Amino acid sequence: AQLKYGTIYRRFRARSVQTFDLSPYLVAPGFLASDHFNGLLILRNITPPESGVTLRAQGSSLPLHGGALSDRLTLEIDTSRVVDNADFAVQPCLGTAGAPVLATCTNQQTLVVGFKVAASMAPVVGPAYAVELAGQGGFMRLPRVPSTAFVEFWVQLQPSMATGATILSAWEDSGLNGGLGRNVLHVWLRPLTGDAVLDICVVGQREPQRFLLPGVASTAPPHL
């Protein structure tokens with residue numbers, strides 16, 4: 001009952017320090033648009049504790065522990081080895097300036113961040129394409145991919161982004177003259193909140209599983 005928003009899932013690389021900005025998640029349903037946050041309460045530190053992952057406030061060298069207050073909404077994840085599954089939980093603290101106060105955090109929604117730490121490795125080189133789309137309605141159709149595939153790309157969006165515009169879409173092969181079946185994966189933009197949404201078709205569910213991709217609806221060139 002404590003977890004109202006849902007688990008945030010991320011994937012990190014071993015033997016690296018990666019930043020994780022939680023502010024895009026503070027505009028989700030359940031948070032008021034008028035709320036301003038000035039820090040985080042570390043409700044639960046990384047579990048399991050032997051995972052070899054250290055949590056820090058951005059720009060700090062000191063590790064954060066359960067019950068600690070951070071005056072930043074961006075955390076640093078320092079990973080030393082591969083971890084199959086781990087998580088931590090935070091609560092945002094209401095405030096506009098100064099250090100966060102515990103009393104302003106404890107009544108806020110809990111955000112649980114689940115993650116996996118994968119091995120650091122060189123990129124796997126496969127087919128590569130470059131395309132520039134102008135105007136509206138343009139798209140690039142990739143060749144058929146195997147049942148397990150890794151798609152990596154950079155995209156530079158133009159300022160006039162439309163809500164619902166598709167970034168990536170994958171369709172089921174209908175088997176009928178090369179036709180398309182269900183839309184099994186769909187990444188689309190939400191410019192008003194600066195993010196994108198990943199919808200994945202799940203067997204046995206009528207509605208897709210939905211994931212938030214913060215920071216994608218931006219004119220900066222993101223790597224996806």
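Below is a short write-up of the structure. Throughout, residues of each chain are indexed from 1 in the direction in which the sequence is written. Reporting in this predicted model follows two pLDDT cut-offs: at least 70 for local features of residues, and 80 or more for side-chain atom pairs to be given and counted; totals over whole chains, interfaces and linings ignore these cut-offs and use all residues. Side-chain numbers here rest on the full set of heavy atoms in the structure, without hydrogens or water.

**Regarding the pattern of salt bridges**
Salt bridge criterion: a side-chain nitrogen from Lys or Arg within 4 Å of a carboxyl oxygen from Asp or Glu. All told, the structure shown has six salt bridges when counted by the stated rule. The salt bridge partner of Asp-87 is Arg-44, with a shortest N-O separation of 2.5 Å. Of the two residues, Asp-87 sits in strand β7 (residues 83–94) while Arg-44 sits in strand β3 (residues 37–47), which places them 43 residues apart along the sequence. Think of it in three bands: with a 1.4 Å probe and only protein chains considered, a residue is buried below 20% of the maximum accessible area for its type, exposed above 50%, and partly exposed in between. For Arg-44, a relative accessible area of 32% corresponds to the partly exposed category. For Asp-78, the salt bridge identified is with Arg-56, shortest N-O distance 3.1 Å. Separated by 22 residues along the polypeptide, Asp-78 in strand β6 (residues 74–79) and Arg-56 in strand β4 (residues 53–57) bring together distant segments of the chain. For Arg-56, a relative accessible area of 12% corresponds to the buried category. In this description a helix means any DSSP run of H or I spanning at least four residues, a strand means any run of E spanning at least two, and both kinds are numbered starting from the N terminus.

**Section: the sheet that holds strand β2 (residues 16–21)**
Pairing is antiparallel across the open sheet formed by three strands, whose spatial order is β2-β6-β4. The open sheet is flanked by β2 and β4, the only strands paired with a single partner. Neighbour-to-neighbour, the strand axes of the sheet open up by a mean angle of 25°, direction not taken into account. Pairs of strands are assigned from DSSP output, requiring at least two bridges between the strands. As paired elements, β2 and β6 share six bridges and run antiparallel to each other. Residue pairing across strands places Phe-20 opposite Leu-75, the latter belonging to β6. Helix axes are fitted only over the stretch in contact, all axes being lines through C-alpha atoms; the angle between N-to-C directions runs from 0 to 180 degrees.

**Some points on the environment of Gln-91**
Mapped onto the fold, Gln-91 is located in strand β7. Gln-91 gets classed as buried once you look at its relative accessible area, which sits at 5%. The spacing of Gln-91 and Leu-111 is 20 residues in sequence and 6.2 Å in space, taken between C-alpha atoms. Any two residues having at least one pair of non-hydrogen atoms within 4.5 Å are treated as being in contact. With sequence-adjacent residues up to four places away left out, Gln-91 is seen in contact with Gly-39, Leu-40, Leu-41, Leu-43, Cys-105, Thr-106, Gln-108, Gln-109 and Thr-110.

**Here's the deal with the pairing of strand β11 (residues 195–200)**
Burial analysis of β11 places five of its six residues in the buried class, the great majority of the element. Examined bridge by bridge, β11 and strand β12 (residues 209–214) share six bridges and lie antiparallel to one another. Paired with Asp-199 across the bridge in β12 is Arg-210.

**Structural notes on the nonpolar core**
Counting residues in each nonpolar core, the largest one holds 28 residues, and the members touching the most others are Phe-20, Leu-22, Phe-88, Leu-111 and Phe-115. At the level of elements, β1 (7–13), β3, β4, β6, β7 and β8 (111–118) are the ones that each hand at least two residues to this core. Apart from the residues lying within four places of it in its own chain, the contact partners of Phe-115 are Tyr-9, Arg-10, Phe-12, Ile-46, Val-53, Asp-84, Asn-85, Ala-86, Asp-87 and Phe-88. Side-chain atoms within 4.5 Å are what join buried Ala, Val, Leu, Ile, Met, Phe, Trp, Tyr and Cys residues into a set we call a nonpolar core.

**Here we look at the state of the cysteines**
Any two cysteine sulfur atoms within 2.5 Å of one another count as a disulfide. Within the structure shown, the criterion is met by one disulfide. Through a disulfide, Cys-93 is tied to Cys-105; the S-S separation comes to 2.0 Å. The chirality of the disulfide connecting Cys-93 with Cys-105 is right-handed, given an S-S dihedral of about 105°. Taken together, the residues span a long stretch of sequence, with Cys-93 in strand β7 and Cys-105 in the loop between β7 and β8 at a distance of twelve residues. Judged by its relative accessible area of 0%, Cys-105 falls in the buried class.

The values reported here are purely geometric and, on their own, carry no functional implication.
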